[in-house]
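Overview (structure and organization)
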Amino acid sequence: MQIQPPVINIFEKAVRKAGKYLLRDFGEIENLQIQSKGLGDFVTNADLKTEQILIDTLKYYYPEATYITEESGKIIGNEEMIVIDPIDGTTNFIHGIPLVGIVIAKIINEEITDGVIYNPILDDFFWASKGKGSWCNNNRLRVSKRQDIIDCIIGTGIPHMDRIYPQYLKEIDAITKNCAGLRRMGAASIDLAYVAAGKLDAYWERNLNIWDVSAGVLLVKEAGGRVSQPNGESWDIHSKDILVSNSNIHEIIQEKLEII
Ligand code: IPD
Ligand code: CA
Ligand code: CA
């Protein structure tokens with residue numbers, strides 16, 4: 001078993017603390033106060049409270065860092081960047097679907113070095129650190145070995161409301177008729193963690209933010225997977241669109257998305 005680096009211990013402390021609170025709220029969904037940030041884009045009092053717990057806990061250990069958070073925006077500090085998504089999968093949460101992730105990642109010089117994703121409902125704690133592998137509840141994660149896309153289950157994010165983009169139905173068509181099934185988890189962090197865990201064989205989505213994908217990208221890489229943009233160009237922390245896979249089926253998916 002890999003010993004967790006100190007930074008992961010700190011992130012774990014923060015997400016488990018926030019997770020306790022979130023778990024309580026999950027059991028009392030009817031009392032949630034829900035506001036709309038835009039069409040089909042919700043924020044609850046649980047998102048705000050969770051984010052505050054994370055920031056308060058992390059600030060004790062990293063008082064000088066820059067924080068990039070989904071709900072409170074950017075808190076400017078030094079070159080050490082900490083990225084937070086307090087609930088990835090808010091719509092799932094509101095509907096009582098247990099696929100959510102509390103996400104924290106550390107980025108230095110544009111490189112993601114450490115990340116955690118915690119699903120307090122399933123009690124799944126994922127972490128990855130550069131060079132130290134990907135882990136979930138003390139088990140080492142590896143991407144799947146499937147070679148033939150026809151045997152593969154592929155995750156995606158379906159655009160909704162004003163996020164619709166024109167080629168998406170064609171993309172679904174091109175992928176779904178060649179694979180064993182598509183999945184829409186409703187939480188990008190969980191899609192990425194599940195690719196790292198070998199449950200999904202690949203995943204693509206467009207129009208994401210760094211807090212959705214930061215920790216998950218590192219999990220996939222450290223589990224032996226490949227990360228790029230859907231057109232095969234390299235992915236960096238400013239990219240909005242992403243394709244990840246077990247690496248065996250990367251090019252075939254890329255080709256299918258590209259010829260549209
Ligand atoms: C969303 C989820 C979802 C993805 C959306 C994200 P949120 O994050 O990751 O799976 O399709 O694009 O915005 O709003 O639940 O933190
Ligand atoms: Ca998110
Ligand atoms: Ca969120």
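Residues numbered from 1 in each chain as written. Chains lettered and ligands numbered in written order. Predicted model: local features only at pLDDT ≥ 70, side-chain atom pairs only at ≥ 80, totals over all residues.

According to the domain assignment, the protein chain contains domain 1 (6–140) and domain 2 (149–258). Relative to domain 2, the C-alpha centre of domain 1 lies at a distance of 21 Å. Opposite the 30 residues of domain 1 that make contact, domain 2 presents 25 residues. Residue classes in the side of domain 1 that touches domain 2 are distributed as 17 nonpolar, 9 polar and 4 charged. (Domains from an automatic or database assignment. Contact = placed C-beta atoms within 7 Å. Nonpolar A, V, L, I, M, F, W, Y, C, P; charged D, E, K, R; others polar.)

Below, the discussion takes up unusual backbone geometry. Of note, glutamate 110 is a non-glycine position whose phi angle comes to about 65°, a positive value. With respect to the helices and strands, the residue glutamate 110 is situated in the loop between strand 6 (101–108) and strand 7 (111–119). Located in the positive-phi region is asparagine 137, a residue other than glycine, with phi close to 45°. Relative to the helices and strands, asparagine 137 is located in the loop between strand 9 (133–136) and strand 10 (139–140). You can call asparagine 137 exposed: it has 10 C-beta atoms within 10 Å. (Helix = DSSP H or I, 4+ residues; strand = E, 2+ residues; numbered from the N terminus. Buried ≥ 20, exposed ≤ 12 C-beta atoms within 10 Å, placed from the backbone.)

Next up on the list: the sheet that holds strand 9. The sheet built from 8 strands is open, its strands ordered 4-3-5-6-7-8-9-10 with mixed pairing. Strand pairing shows two members of the sheet lacking a second neighbour, strand 4 (73–75) and strand 10, which therefore form its edges. One ladder, built from 7 bridges, connects strand 6 with strand 7; its direction is antiparallel. The residue of strand 7 that forms the bridge with isoleucine 108 is glutamate 111. Where helix 2 (residues 45–61) meets the sheet, it contacts strand 3 (66–69), strand 5 (80–88) and strand 6, and its direction lies at approximately 150° from that of strand 5. Across the sheet, helix 6 (residues 210–222) lies against strand 3, strand 5, strand 6, strand 7, strand 8 (124–129) and strand 9, angled at about 100° from strand 7, the strand it touches most. (Pairing = 2+ DSSP bridges. Axes fitted to C-alpha atoms, helices over the stretch in contact; angles between N-to-C directions.)

Here the focus is the site of ligand 1. Taken together, Asp85, Asp88, Gly89, Thr90, Thr91, Gly157, Gly186, Ala187, Ala188, Glu205, Leu208 and Asp212 are the residues near ligand 1. Elements with a contribution of two residues or more to the shell around ligand 1: strand 5 and helix 3 (90–94). Of the residues assigned to the shell around ligand 1, the class counts are 3 nonpolar, 5 polar and 4 charged. (Near = placed C-beta within 6 Å.)

Looking now at the nonpolar core. By size, the foremost hydrophobic cluster in this structure holds 70 residues, and its most contacted members are Ile104, Val116, Leu192, Val195, Ala196, Ala202 and Leu219. For this core, the element with the highest residue contribution is helix 6, accounting for 8 residues. Looking at which domains feed residues into this core, each of domain 1 (6–140) and domain 2 (149–258) gives three or more. Once residues within four sequence positions are removed from consideration, leucine 192 is found in contact with Tyr203, Val213, Gly216, Val217, Leu219, Val220 and Val244. (Core = buried A, V, L, I, M, F, W, Y, C linked by C-beta atoms within 7 Å.)

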